[in-house]
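# Secondary and tertiary structure notes
The lines below spell out each chain.
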Amino acid sequence: MKLSSKKAAALALSTALLSSPTFAKDDFKICWSIYVGWMPWAYGAEEGIVQKWADKYDINIDVVQINDYVESINQYTAGGFDACTMTNMDALTIPAAGGVDSTALIVGDFSNGNDGVVLKGKDSLADIKGQNVNLVELSVSHYLLARGLETVGMSEADVQVVNTSDADMVAVYGTDDVTAVTTWNPLLSEITAMPDSHKVFDSSQIPGEIIDLLVVNTDTLAENPKLGKALTGAWYEIMATMSGEGADAQAARTYMAQASGTDLAGYDAQLASTEMFYTPQSALALTNSEQLMETMQNVAEFSFDHGLLGEGAPDAGFIGIETPAGVYGSESNIKLRFDPTYMQMAADGEL
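So, a few notes on the structure that sits alongside this text. (Residues numbered from 1 in each chain as written. Predicted model: local features only at pLDDT ≥ 70, side-chain atom pairs only at ≥ 80, totals over all residues. Heavy atoms only, no water.)

## Structural notes on the pattern of salt bridges
All told, the structure shown has ten salt bridges when counted by the stated rule. Across the pair Asp202 and Lys199 runs a salt bridge, and its minimum N-O distance is 3.3 Å. Taking relative accessible area as the criterion, Lys199 reaches 42% and is therefore assigned partly exposed. A salt bridge links Arg253 to Asp268; its shortest N-O distance comes to 2.7 Å. Taken together, the positions of Arg253 in helix H11 (residues 247-259) and Asp268 in helix H12 (residues 264-272) put the pair 15 residues apart, joining distant regions of the chain. (Salt bridge = Lys/Arg side-chain N within 4 Å of Asp/Glu carboxyl O. Buried < 20%, exposed > 50% of the residue type's maximum accessible area, 1.4 Å probe, protein only. Helix = DSSP H or I, 4+ residues; strand = E, 2+ residues; numbered from the N terminus.)

## Topic: the nonpolar core
Formed by 106 residues in total, the largest nonpolar core has its most connected members in Trp41, Ile61, Leu92, Ile128, Leu145, Leu231 and Phe338. Broken down by element, the residue count for this core peaks at nine residues, all from helix H10 (residues 225-242). With ten residues, the next largest nonpolar core counts Val118, Val178, Trp184 and Leu188 among its residues. (Core = buried A, V, L, I, M, F, W, Y, C linked by side-chain atoms within 4.5 Å.)

## Some words on the pairing of strand E10 (residues 211-217)
Most of E10 sits out of view: seven of its seven residues are buried. Side chains Ile211, Leu213, Val215 and Asn217 of E10 all project onto a buried face; the interleaved residues Asp212, Leu214 and Val216 project onto the opposite face, where all are buried too. Alignment of strand E3 (residues 83-87) against E10, held across five bridges, turns out to be antiparallel. Opposite Cys84, over in E10, you have Val215 as the bridge partner. Judged from the seven bridges that link them, strand E4 (residues 102-111) and E10 form a sheet pairing that is antiparallel. Across the sheet, residue Ile106 finds its bridge partner in E10, namely Leu214. (Pairing = 2+ DSSP bridges.)

## So, the packing of aromatic side chains
On inspection of all chains with the given rule, the structure shows six aromatic pairs. Pairwise contacts between aromatic rings join Tyr35, Trp38 and Tyr69 into one cluster. Residue placement shows Lys29 over the ring face of Phe81; its charged tip is 4.6 Å from the ring centre. For the cation-ring pair, Lys120 lies above Tyr173, with the distance from its terminal atom to the ring centre recorded as 4.5 Å. (Phe/Tyr/Trp six-rings, centres within 6.5 Å; stacked < 30°, edge-to-face > 60°. Lys NZ or Arg CZ within 6 Å of the ring centre and 35° of its normal.)

## What to know about helix H13 (residues 280-287)
When H13 is considered as a whole, its buried residues turn out to be Pro280, Ala283, Leu284, Leu286 and Thr287. An end-on view of H13 places all buried positions within 160° of arc, on one side of the element. Each element contacted by the buried residues of H13 is listed here: E4, E10, H10, helix H14 (290-305), strand E14 (334-338) and helix H15 (341-347). (Arc of directions from axis to C-beta. Contact = heavy atoms within 4.5 Å.)

## Describing the environment of Trp38
Its place among the elements puts Trp38 in the loop between strand E1 (27-32) and helix H2 (39-46). Sequence spacing of Trp38 and Gly261 is 223 residues, and the spatial spacing of their C-alpha atoms is 14 Å. If we skip the residues at most four places from it in the chain, Trp38 touches Trp32, Ser33, Tyr69, Thr85, Met86, Thr87, Asp212 and Leu213.

## A short note on H11
Taking 1.5 Å as the rise per residue, H11 with 13 residues should run 18 Å; its terminal C-alpha atoms sit 18 Å apart, in good agreement. Considered for burial, the residues of H11 that qualify are Ala249, Ala252, Arg253, Met256 and Ala257. Looking down the long axis of H11, one finds its buried residues gathered within 140° of arc, a one-sided arrangement. Opposite the buried face of H11, at more than 90 degrees from it, the exposed residues are Ala247, Asp248 and Gln258. Residues of H11 that are buried make contact with H2, H10 and H12. Phi for Gly261, located one or two positions after H11, is positive at around 85°. (Expected span 1.5 Å × (residues − 1).)

All quantities given are derived from atomic positions and should not be read as evidence of function.
If you want it as structure tokens, here you go:
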């Protein structure tokens, strides 16, 4: 299976970046796209929380929304941004696979029901056999489908994947010909609300495997630790503000809801199927665990099987993935790092 055109373009663009020197600087750009776990960056930028922490470390941080999720990662990979929100799988298969050494600075949450498989007219995952399944090919939806099929003794050979843009997913599902989709919220909620629709598998059945991150260029972070401190400090201030049921928390979540095209009830429903790490301690529990390395092995094996680790990758361990529990894959080719340093600083009150 070939790379999607957007991912292939990212790999090509990253070649120029590899020869570019990094250096200490004062101006930084981070990008994000609409998803329940990343809306806090919109709020933090709007309310001046990011600016406050940037000022503390005497730097500038520009927070930019990119409407197309994969394109945001491509732009980060090509050097257009210093940091970007993305999942653990996409961090491996786009920047890391493109040779851009990247660090998961903040482990923000994991999907706990926000991604799901929906069947029309059937209520068991086993009924998916022989069906076309519409999804964003080579995305976490594709990974979720593969993991779900394993639970009922099937593989991708038992279905036909149909690559479908997330922008078209709801409309496509409304047609008679489409009977199975795999997607994420808020699209998942819209689709499951349609007549005779049944969610037959979701990410709560593989907890801790679809992880949402803020990823930073490793060299940039090494040269500019103040960026890591400012971003992490801002993030946990936002987390403290939005968690709970007080007026400030509801106001923060209402802003995030409206910015993502829903209302407070809708956004809170999405949060209910997201395991948000509101404290650095909770984020560290996953980051430091053996489970994280096991998850990344699963992700790497799926990615290799689908040709996402680059044409020259001989096996799933071609790209080294560093976690606090150890390294999965090549120790001489580490390109993705889960570094708890700054989250630990937040936990210790050192930011």
